[in-house]
Amino acid sequence: EDISASANLFKTQSALNVASYRQDSFGTSFGLGIPLGEELRYNITYRWSKTNLTDIPAGSSLLLLAQAGKQTTSEVFQRLSWDTRDTLIASHSGHLEELSFSVAGLGGDNHFWEASASSKAYFSIGEDYVLSPSIAGSYIRGYSGKDVPIYRRYSLGGIGSLRGFDSLGVTLRDPVTDDVIGGDKMLRASLDFMFPLPYMQQAGIRG
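Here we summarise the structure given alongside this text. The structure displayed is predicted, hence computed values, not measured ones. (Residues numbered from 1 in each chain as written. Predicted model: local features only at pLDDT ≥ 70, side-chain atom pairs only at ≥ 80, totals over all residues. Heavy atoms only, no water.)

**Notes on the sheet that holds strand β4 (residues 69–83)**
Part 1 of the argument: Ordered by their spatial adjacency, eight strands build an open sheet running β1-β2-β3-β4-β5-β6-β7-β8, and the pairing between neighbours is antiparallel. Bordering the open sheet on either side are β1 (4–14) and β8 (185–194), each of which pairs with just one other strand. Across the sheet, the mean angle from the axis of one strand to that of its neighbour is 15°, orientation sign disregarded.
Part 2 of the argument: Pairing analysis gives 14 bridges linking strand β3 (residues 40–54) to β4, with the strands arranged antiparallel. Counted as the bridge partner of Ile-44 is Gln-78 from β4. (Pairing = 2+ DSSP bridges. Helix = DSSP H or I, 4+ residues; strand = E, 2+ residues; numbered from the N terminus. Axes fitted to C-alpha atoms, helices over the stretch in contact; angles between N-to-C directions.)

In structure tokens, the structure reads:
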């Protein structure tokens with residue numbers, strides 16, 4: 001495989017908690033991917049962003065109130081991937097393991113580090129039937145007297161996270177205000193059974 005490079009610009013406007021506060025972000029990132037073998041790959045990315053938290057009610061959580069206004073993040077992200085999947089979309093066999101570590105604080109207002117690990121495997125148990133277990137865990141922590149940004153703390157629920165729960169459905173909340181404040185540790189596991197859908201096999205869509 002060849003060395004890859006990427007550059008991105010982004011701008012987002014969102015609300016993390018319904019009718020709680022507004023988050024506006026913009027920034028840029030630059031990345032480099034380096035193959036270390038047929039199945040092993042290393043990626044490094046630098047990301048700079050500016051985030052503005054506004055419209056926070058006066059009686060909100062102290063953690064949320066302390067982060068009101070504009071803040072910048074200068075972050076270096078590294079990831080090591082081991083990928084033996086037969087295809088990237090609608091895999092039938094193989095596995096994907098990833099280890100990542102990032103540090104924010106080389107400039108910017110925020111100072112934190114984050115470590116994550118994940119593993120997902122695919123086992124074919126018949127024509128187009130696949131069993132896929134997965135597990136993932138993350139830990140984030142501030143340093144130099146800084147708290148982890150509220151929007152980087154962990155919650156589960158919603159698309160691509162935890163089935164059966166709404167977005168932010170599984171999280172830590174302030175016991176007084178009930179505001180979502182998230183956690184600094186996350187561990188989740190799942191077991192998926194995938195099966196073909198009529199007329200959709202060529203599109204890579206499965207049940």
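Resuming the write-up.
**With respect to the packing of aromatic side chains**
Part 1 of the argument: As enumerated under the stated definition, the model contains five aromatic pairs in all.
Part 2 of the argument: Look at Phe-193 and Phe-195: their rings are 6.2 Å apart centre to centre, the planes differ by 35°, and that puts the pair in the tilted class.
Part 3 of the argument: Given the relative accessible area of 43%, Phe-193 is considered partly exposed.
Part 4 of the argument: The exposure class of Phe-195 is partly exposed, given its relative accessible area of 32%.
Part 5 of the argument: Among the aromatic residues, ring-to-ring pairing joins Phe-101, Trp-113 and Tyr-139 into one connected group. (Phe/Tyr/Trp six-rings, centres within 6.5 Å; stacked < 30°, edge-to-face > 60°. Buried < 20%, exposed > 50% of the residue type's maximum accessible area, 1.4 Å probe, protein only.)

**Quick look at the pattern of salt bridges**
Part 1 of the argument: Inspection of the entire model under this criterion finds seven salt bridges.
Part 2 of the argument: Taking the shortest distance from any N to any O, the salt bridge between Asp-83 and Arg-85 comes out at 2.8 Å.
Part 3 of the argument: Measuring nitrogen to oxygen at the nearest pair gives 3.1 Å for the salt bridge that ties Lys-185 to Asp-184.
Part 4 of the argument: The class for Lys-185 is exposed, based on a relative accessible area of 57%.
Part 5 of the argument: Look at the salt bridges and you will find they share partners, linking Glu-75, Glu-114 and Arg-152 into a network. (Salt bridge = Lys/Arg side-chain N within 4 Å of Asp/Glu carboxyl O.)

**Let's talk about the pairing of strand β2 (residues 22–35)**
Part 1 of the argument: As paired elements, β1 and β2 share 11 bridges and run antiparallel to each other. Bridging across to β2, Lys-11 finds its partner in Phe-26.
Part 2 of the argument: Looking at chain direction, β2 and β3 are connected through 14 bridges and run antiparallel. Residue pairing across strands places Ile-34 opposite Tyr-42, the latter belonging to β3.

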